[in-house]
Amino acid sequence: MTTILETSPAIKTEIEKVAEVAGYLWTKGWAERNGGNITVNITDLADDTLKNMKPISEKIALDVELPYLKGAYFFCKGTNKRMRDLARFPMDNGSVIRICDDCKSYEIITDKPVKPTSEITAHLSVHNHFVGKGSDYKAVLHTHPIELVAMSHNPAFLKKDVLTRLLWSMIPETKAFCPRGLGIIPYKIPGSVELADSSLEELDDYDVVMWEKHGVLAVGDDILEAFDQVDVLTKAAQIYIAAKNMGFEPTGMTDEAMQEMSIVFNLPK
Ligand code: 13P
Ligand code: ZN
């Protein structure tokens with residue numbers, strides 16, 4: 001059987017990036033068991049070979065209608081699949097789906113009938129939102145970074161932009177490379193429409209949002225860019241925790257130093 005990796009070099013490149021990031025998530029300890037999920041919008045890369053493939057599943061109903069995703073193609077991590085396995089065997093632990101013309105269901109196209117992540121509602125709602133806005137964002141990452149999730153157990157950190165300011169002030173690069181900061185989503189049941197809807201609201205202002213006591217969701221032009229933003233935020237969290245473990249409250253960069261960063265690096269906030 002020919003696989004999508006053999007027939008489409010452009011899609012192969014994106015799936016290889018997914019595999020690379022899946023490996024990082026596992027080695028960082030952010031991906032216990034099947035923890036976390038990745039989807040990438042590959043519609044612009046879909047060639048005739050992909051478009052002529054017959055579905056290998058029934059139509060599977062979605063919980064939401066996605067008017068901007070009619071006929072769109074996505075690579076999705078499979079539900080219950082491990083990041084460490086996705087890293088080595090992406091087409092055994094993920095699949096390419098196509099959104100049906102009713103915009104309320106999808107079919108699995110290739111290579112194997114691996115059912116997409118249980119967070120598909122949030123992922124596809126986010127993609128639908130960005131396509132509707134004409135955004136270049138193509139990748140959505142959900143992962144369980146230890147330090148950031150730990151910090152979300154402190155109610156003081158959940159007030160608007162408290163955590164963003166704290167993390168930005170730990171090391172200048174955080175603001176430079178995660179310039180829109182970290183949005184906060186109060187706890188919602190995983191996989192729910194409510195979690196998807198509240199993520200959408202925050203993603204107009206932030207590229208990374210915290211799902212309280214669960215994990216983060218990040219977006220980017222590609223999956224490496226989404227990963228990098230979570231990585232820089234987590235580094236800042238680790239610096240904060242290292243200082244606390246040495247027995248002192250870190251001073252953080254001054255307001256003047258942070259303002260200077262915004263001017264010199266031409267940052268939005
Ligand atoms: P899936 O295995 O269904 O992707 O779920 C993992 C997860 O992190 C749910 O929030
Ligand atoms: Zn999760």
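Above this note sits the structure.
The structure presented is a predicted model; accordingly, all values stated were derived computationally and were not measured. Residues take numbers from 1 onward in each chain, read along the sequence in its written order. Both sets of labels track the order of writing: A upward for chains, 1 upward for ligands. Given that the model is predicted, a residue must reach a pLDDT of at least 70 before its local features are reported, and side-chain atom pairs must reach 80 or more before they are shown or counted; all residues, however, enter totals for whole chains, interfaces and linings. Values shown for side chains rest on all heavy atoms present in the structure; no hydrogens or waters enter the calculation.

Caption draft 1: Quick look at the overall build of the protein. In this description a helix means any DSSP run of H or I spanning at least four residues, a strand means any run of E spanning at least two, and both kinds are numbered starting from the N terminus. When its secondary structure is counted, the protein shows 11 helices and nine strands. The globule rule used for comparison is 2.2 Å times the number of residues to the exponent 0.38, while the radius of gyration itself is calculated over C-alpha atoms. Taking 18 Å as the expected radius of gyration for a compact globule of 269 residues, we find that the protein reaches 19 Å, a close match to that expectation. Each residue's exposure class comes from its accessible area (1.4 Å probe, protein chains only) as a fraction of the maximum for that residue type: buried when under 20%, exposed when over 50%, partly exposed otherwise. Within the protein, buried positions represent 54% of all 269 residues. Contacts are assigned to residue pairs with any non-hydrogen atoms lying within 4.5 Å of each other. The long-range fraction of contacts in the protein, counting pairs at least 24 apart against all pairs at least 6 apart in sequence, stands at 72%. Accessible area of the protein: about 12,100 Å², with a carbon and sulfur share of 53%. Residues counted as positive are Lys and Arg, residues counted as negative are Asp and Glu, and His and the chain ends are not counted. To locate a charge, the coordinates of NZ of Lys, CZ of Arg, CG of Asp or CD of Glu are taken. Side-chain charges in the protein split into 29 positive and 39 negative, and the spacing between the mean points of these groups amounts to 4 Å. For the accessible areas, the method is Shrake-Rupley and the probe is 1.4 Å, while residue cover comes only from the protein chains on display.

Caption draft 2: Representation of the packing of aromatic side chains within the structure. Only the six-membered ring of Trp is used, alongside the rings of Phe and Tyr, when aromatic pairs are assigned; centres must lie within 6.5 Å, and planes under 30 degrees apart are stacked while those over 60 apart are edge-to-face, with the rest tilted. With the rule as written, the count across this model stands at four aromatic pairs. With a centroid separation of 5.3 Å and 40° between ring planes, the pair formed by Tyr24 and Phe227 is classed as tilted. Here Phe227 lies in helix 10 (residues 223-245) and Tyr24 lies in helix 2 (residues 9-27), a separation of 203 residues in the sequence. Tyr24 gets classed as partly exposed once you look at its relative accessible area, which sits at 33%. Here Phe227 falls in the buried class, since its relative accessible area comes to 5%. A centroid spacing of 6.0 Å and a plane angle of 80° characterise the contact between Phe157 and Tyr240, whose relative ring orientation is edge-to-face. Of the two residues, Phe157 sits in the loop between helix 6 (146-151) and helix 7 (162-168) while Tyr240 sits in helix 10, which places them 83 residues apart along the sequence. With respect to burial, Phe157 and Tyr240 carry one shared label: buried. Here a set of aromatic residues connected by ring pairs shows up, and it is made of Tyr24, Trp30 and Phe227. The ring of Trp26 carries Arg84 above its face, with NZ or CZ at 4.7 Å from the centroid. By the criterion adopted, a ring carries a charge over it if an Arg CZ or a Lys NZ lies within 6 Å of its centre and within 35 degrees of its normal.

Caption draft 3: Focus on the coordination of the zinc ion (ligand 2). Coordination sphere of the zinc ion (ligand 2), protein contribution only: His142 (NE2), His144 (NE2) and His214 (NE2), at 2.1 to 2.2 Å. The rule for donors is simple: N, O or S, within 2.8 Å of the metal, or within 3.2 Å if the metal is Na, K or Ca. Water isn't counted, so a site may look like it is missing partners. When the donor residues of the zinc ion (ligand 2) are listed from N- to C-terminus, their spacing reads H-x1-H-x69-H. Remark: His214 occurs in the loop between strand 8 (208-211) and strand 9 (215-220) and His142 occurs in strand 6 (residues 139-143); sequence separation between them is 72 residues. Residue classification places His142 among the buried positions, given a relative accessible area of 1%.

Caption draft 4: Structural detail: the side chain of Asp111. Considering the arrangement of structural elements, one finds Asp111 in the loop between strand 5 (105-110) and helix 5 (120-133). Those residues in contact with Asp111 that sit more than four places away from it in its chain are Met1, Thr3, Ile4, Ile56 and Met91.

Caption draft 5: A look at unusual backbone geometry. The step from Thr110 to Asp111 runs through a cis peptide bond, and the omega angle for that step is -10°. Even without glycine at this site, Cys103 takes up a positive phi of about 60°. Tracing the backbone shows Cys103 in the loop between strand 4 (94-99) and strand 5. Taking the relative accessible area as the measure of exposure, Cys103 reaches 8% and is therefore buried. The backbone phi angle of Asn266 is positive, close to 55°, even though this residue is not glycine. With respect to the secondary-structure elements, Asn266 resides in the segment after helix 11 (255-264).

Caption draft 6: Geometry of the site of ligand 1. Whether a residue is near a molecule or strand depends on its heavy atoms: it is near if one of them lies within 4 Å of it. The immediate surroundings of ligand 1 are formed by 13 residues, with Asn34, Thr79, Thr117, Ser118 and Glu119 found nearest. Between ligand 1 and Gly36 there is a distance of 2.9 Å, counted from an oxygen atom to a backbone nitrogen or oxygen. Side-chain atoms alone can form a polar contact between residues adjacent in sequence; in general such a contact is a pair of N or O atoms within 3.5 Å, and within protein one must be able to donate a hydrogen while the other accepts it. With respect to ligand 1, the side chain of His144 contributes an N or O atom lying 3.1 Å from an oxygen atom. Contact with the protein chains hides 92% of the accessible area of ligand 1, taken as 310 Å² for the molecule alone. In this classification, the charged set is Asp, Glu, Lys and Arg, the nonpolar set is Ala, Val, Leu, Ile, Met, Phe, Trp, Tyr, Cys and Pro, and all remaining amino acids, among them Gly, are polar. Residues that form the shell around ligand 1 fall into these classes: no nonpolar, 11 polar and two charged.

Caption draft 7: Examining the pairing of strand 1 (residues 37-41) more closely. Counted residue by residue, strand 1 has five buried out of five residues, so it is predominantly covered. Here strand 1 shows no split at all, with Asn37, Thr39 and Asn41 on one side and Ile38 and Val40 on the other all buried. Relative to strand 6, strand 1 runs antiparallel, the two being bridged by four bridges. Bridge pairing in strand 6 places Asn37 opposite His142. In this analysis, strands are considered paired if DSSP registers two or more bridges between them. Taken together, the three bridges between strand 1 and strand 3 (residues 73-77) define a ladder with antiparallel strand orientation. Residue pairing for strand 3: Thr39 is matched across the bridge by Cys76.

Bear in mind that shape data such as this cannot, by itself, settle questions of function.
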